[in-house]
Amino acid sequence: MPTPRMPVQRVNVPKLSDAIMHQLESMILEGSLKPGDRLPPERQLAEQLGVSRPSLREAIQRLAARGMLVSRQGGGTYVTDQLAAAFSDPWQQLLVEHPNLHRDVLEFRRTLEGAMAECAARRATEPDRERLAALMDELEVAYAGHDLLTLSRMDVAFHQAIADAAHNVLFAHLSSSLLSMLKTHVRDNIANLFDVAPVSGQLLAQHRAIWQAIHERNPQAARAAAEAHIDFVDQTLNVIRVEHEREERAMRRAQAVEKG
């Protein structure tokens, strides 16, 4: 009697280069490999992954074709900013040429950073909280020293650490591209805000409130603190802008009187 055929499906074993490509893509998405990072030399990376060099080479070539990696002649292979470039490239110049967009940017940041802080309070791991605590310490030092360049850099790093602690790859990459685009904008905002005497202490307290809420795993308080921070920046910059417009108007009137 013939043996009946079993209703089984063929086992599809993924191609090794596909598996390597998927792993490297995952590292880029989660931020383990960041834009500008150089991959280890081919031999070393193949050993770390436990794969053959030809399969690794094929995976790298395919990621390069997607624009996620770039190989430089004699200079290694690097992670590109492809995931952020489409967002930041056109807006960078538009923000320079259209200052009225800055309030729209702050409104967008309020929504984004409120959501990221809420998620970070729910999902942050112990290493995430340790990283935020270390950045909070560095912010304290930068505020005390009124070092605007270091302060703007640490401000960006602090907000990006919150995005990373939210453990959502879209939050992390969107925040990274937005903050990269806004580095000059953030630095100018901080410089303008520091012209107002009591503001630096309030900004530091706001950052501390965000950190404390995340540390205490309080999602609602984290969102509220992040939104309050952006509201304060927006309102204070608006006051400065209105005062500046008044001064310019008064100056024009004075010049007109002198000519008359």
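Heads up: these notes are all about the structure in this document. On a predicted model such as this, the values are computed, not experimentally measured, just so you know. (Residues numbered from 1 in each chain as written. Predicted model: local features only at pLDDT ≥ 70, side-chain atom pairs only at ≥ 80, totals over all residues. Heavy atoms only, no water.)

### Some words on the overall build of the chain
Condition: Helix and strand assignments follow DSSP, with helices taken as H or I runs no shorter than four residues and strands as E runs no shorter than two, numbered in order from the N terminus. Each residue is assigned to one of three classes by its accessible area relative to the maximum for its type, calculated with a 1.4 Å probe on protein chains only: buried under 20%, partly exposed between the two thresholds, exposed over 50%. Accessible surface area values rest on a Shrake-Rupley calculation with a 1.4 Å probe, where residue burial reflects the displayed protein chains alone.
In terms of regular secondary structure, the chain is built from 11 helices and two strands. Evaluated residue by residue, the chain yields a buried proportion of 39% over its 260 residues. On the chain, roughly 15,700 Å² of surface is accessible, and the fraction owed to carbon and sulfur atoms is 54%.

### Description of empty space enclosed by the protein
In plain terms, the rule: Lining residues are defined by having an atom within 4 Å of a point belonging to a cavity or pocket. Those points lie on a 1 Å grid over the protein atoms alone, cavities being sets where a 1.4 Å probe fits but cannot get out and pockets being open sets with protein on both sides within 12 Å along at least five of seven lines. Grid points are joined across faces, edges and corners, and a volume is the space filled by probe spheres set on the points.
Inspection of every chain in the model, using the stated rule, returns two cavities of 30 Å³ or more. Of the voids in this model, the second largest cavity is the one considered here, and its volume is about 40 Å³. Taken together, Glu-113, Met-116, Ala-117, His-159, Ile-162, Ile-210 and Ala-226 form the lining of the second largest cavity. Elements that contribute at least two residues to the lining of the second largest cavity include exactly helix H5 (102-123) and helix H7 (148-165). When residues in the lining of the second largest cavity are grouped by element, the largest group, three residues, is from H5.

### Section: helix H8 (residues 169-181)
Our working definition: By this rule the span expected of a helix is its residue count minus one, scaled by 1.5 Å. Whenever two N or O atoms come within 3.5 Å, that pair is a polar contact, provided that in protein one can donate a hydrogen and the other can accept it, and provided that, for residues adjacent in sequence, both atoms are side-chain atoms.
Helix length check: H8 (13 residues) gives 18 Å between terminal C-alpha atoms against 18 Å at 1.5 Å per residue, within 8%. Within H8, burial applies to Phe-171, Ala-172, Ser-175, Ser-177, Leu-178, Leu-179 and Met-181. Sitting at the head of H8, Asn-168 places a side-chain oxygen 2.9 Å from the backbone nitrogen of Leu-170.

### Section: the pattern of salt bridges
For clarity, the threshold we go by: One side-chain nitrogen of Lys or Arg within 4 Å of one carboxyl oxygen of Asp or Glu is enough to make a salt bridge.
Going through the model one piece at a time under the given rule, you end up with 15 salt bridges. Across the pair Glu-118 and Arg-122 runs a salt bridge, and its minimum N-O distance is 2.9 Å. You can see Glu-118 and its partner Arg-122 sitting in helix H5, four residues apart, about one turn around the helix. On the accessibility criterion, Arg-122 (46% relative accessible area) is partly exposed.

### Describing the pairing of strand E2 (residues 76-79)
We apply this condition: Should DSSP find at least two bridges between two strands, the strands are regarded as paired.
Pairing of strand E1 (residues 69-72) with E2, which is carried by four bridges, proceeds in the antiparallel orientation. Residue pairing in the sheet places Arg-72 in a bridge with Gly-76 of E2. Where E1 hands over to E2, the hairpin turn is made up of three residues, of which Gly-74 adopts a positive phi near 75°.

All quantities given are derived from atomic positions and should not be read as evidence of function.
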